[in-house]
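# Structural features, examined
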Amino acid sequence: MPPSLRAGTDSPARLAPVPRSRPLSDDLFSLVRRILLATLGLQVVLAASLTLVDSYRRRNKKPKPFPATSPTTVTVGDGEVTTYTYGQDLYDDMLAAIAGARRQILLETYIWKGDEVGERFKRAITEAAERGVDVYVIYDAFANLVVDPRFKRFADSVKVLPYPVYNAGWRFFDLRRYGRDHRKILVVDDEVGFVGGYNIGAAYATEWRDTHCRVTGPGVWDLKRAFADFWNLHRRKRFRASERPLLLETSSMWESRIRVHRNVPRLWMFPIRSMYLEAINRATDNIWLTHAYFIPDQDFVDSLCGAAQRGVDVRLLLPRKSNHIVADWISRGYFSEMLEAGVRIFRFRDAMVHAKTATIDGSWSTIGTANVDRLSMQGNYEINLEMIDTGMAEAMERIYATDLSNCAELTRDEWESRDVYRRFTEAVLRPLRPLL
């Protein structure tokens, strides 16, 4: 009987299939994929856990007072610059400028809370519009998702451009269209301009330590240009094609001691990072930085470390605990390298320091909206003033000295003695650096 026939039957025998060996490359790919997914899952869970725990700990905590300098005015070129480190002082002067407006108000902000302070600003610009002042408002819709929709309804006399939550349309892969509008600008009558880190809200008035400035003279014109360029670039989605763009009626004069730098992702322009690196690399005496969120790229870290190693007094002032706990943990991943190079790190106690400032060598200073992180340096719409003036640098150094009185310095020994849990958390979150 042929072997293909079973005993006692005329049907052919079924042969068992020969198992195929799986290529080694497939097994390796599967293993790598599982490791990557597990790592990503661990990062997400850890980040969410840190955020929830931090949010729980902050509940019912009363803010503590912190030292602040009074508004200080310095003559810079053909104008003046006034610095603010306490929100209520700033808001009083901003509202006074709005109340005195005769022709035009340009207001742009990232966050605009619908609380009593937010209502004061809304009422002030509405009253100005009702008396015939041209009022233009820009706010970031994503940053204000949690704000009551009723607050975001303005009188018809106020021209409002909510920068959309999603701005890419069908251009899903066009990274130029994903930046948020993180700027904070107020320009009144071409005569006075305000710019800096302060958003609009009650908590920022008394509980947060931030830095803003008031500008008069030719520097105001560049602030108006910054607002008008953004408005005209994005107005088409909000207004009819027949609506006229915001026209510029400002002088083309340059203020040699004040320069306005704008990050414009739509045009792939990011000059603020270059501004910082150039100033840091030229430093010979001191580099004093204050930042809310510090997640730099390696080139930025190398510049700071290189300056410290050549004898420059490099100081970095950060919040001891910011309002974004994950950003804090990621930022700490750079501490070892910087402390070893001689960079001094100071942490602000008991309050959130939200400032984005620096002063170098007693002559160079910057105040603005850009943090030293990827989102600000290579992602969002940002604006910074660069001021080359000894009087301004002296004022910024006094502010820095006041802030240091409320700081604790992080020593190298203290940092190296941190526990295993902290080291593990820093290592797990490190891959998230490019995203923040």
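Residues numbered from 1 in each chain as written. Predicted model: local features only at pLDDT ≥ 70, side-chain atom pairs only at ≥ 80, totals over all residues. Heavy atoms only, no water.

Strand order in the open sheet formed by 8 strands is S10-S17-S16-S15-S11-S12-S13-S18, with mixed pairing between adjacent strands. Strands at the two margins of the open sheet, each flanked by one partner only, are strand S10 (258-263) and strand S18 (407-410). Across the sheet, the mean angle separating the axes of adjacent strands is 20° when strand polarity is ignored. Pairing geometry for strand S16 (residues 364-368) and strand S17 (residues 382-388), over 5 bridges, is antiparallel. Among the inter-strand pairings, tryptophan 364 is bridged to a residue of S17, identified as isoleucine 388. (Pairing = 2+ DSSP bridges. Helix = DSSP H or I, 4+ residues; strand = E, 2+ residues; numbered from the N terminus. Axes fitted to C-alpha atoms, helices over the stretch in contact; angles between N-to-C directions.)

With that out of the way, let us pick up the packing of helix H6 (residues 271-282) against helix H7 (residues 298-309). Axis separation between H6 and H7 bottoms out at 9 Å; the angle between their running directions is 20°. In terms of orientation, H6 and H7 fall into the roughly parallel class. By crossing handedness, the relation of H6 to H7 is classed as left-handed. Only Asp299, Phe300, Ser303, Leu304 and Ala307 of H7 make contact with H6, whose side of the interface consists of Arg273, Tyr276, Leu277, Ile280 and Asn281. Of the residues assigned to the contact of H6 with H7, the class counts are 6 nonpolar, 2 polar and 2 charged. (Parallel < 35°, antiparallel > 145°, perpendicular 65-115°, else oblique. Left-handed = near helix turned anticlockwise from the far one by under 90°. Contact = heavy atoms within 4.5 Å. Nonpolar A, V, L, I, M, F, W, Y, C, P; charged D, E, K, R; others polar.)

Mapped onto the elements, valine 135 comes out in strand S4 (residues 134-140). Expressed as a C-alpha distance, the spacing of valine 135 and leucine 106, which sit 29 residues apart in the sequence, is 6.1 Å.

What follows concerns the UniProt feature "domain: PLD phosphodiesterase" (unreviewed entry) in the chain. As annotated by UniProt and renumbered to match this structure, "domain: PLD phosphodiesterase" (unreviewed entry) occupies residues 177-204 and 349-376. Note that residues 177-204 is 11% helix and 32% strand, and that its end C-alpha atoms are spaced 29 Å apart. End-to-end, the C-alpha atoms of residues 349-376 are 24 Å apart, and along that stretch the chain is 11% helix and 43% strand. (UniProt positions renumbered as here; feature names shortened; annotations may be inferred.)

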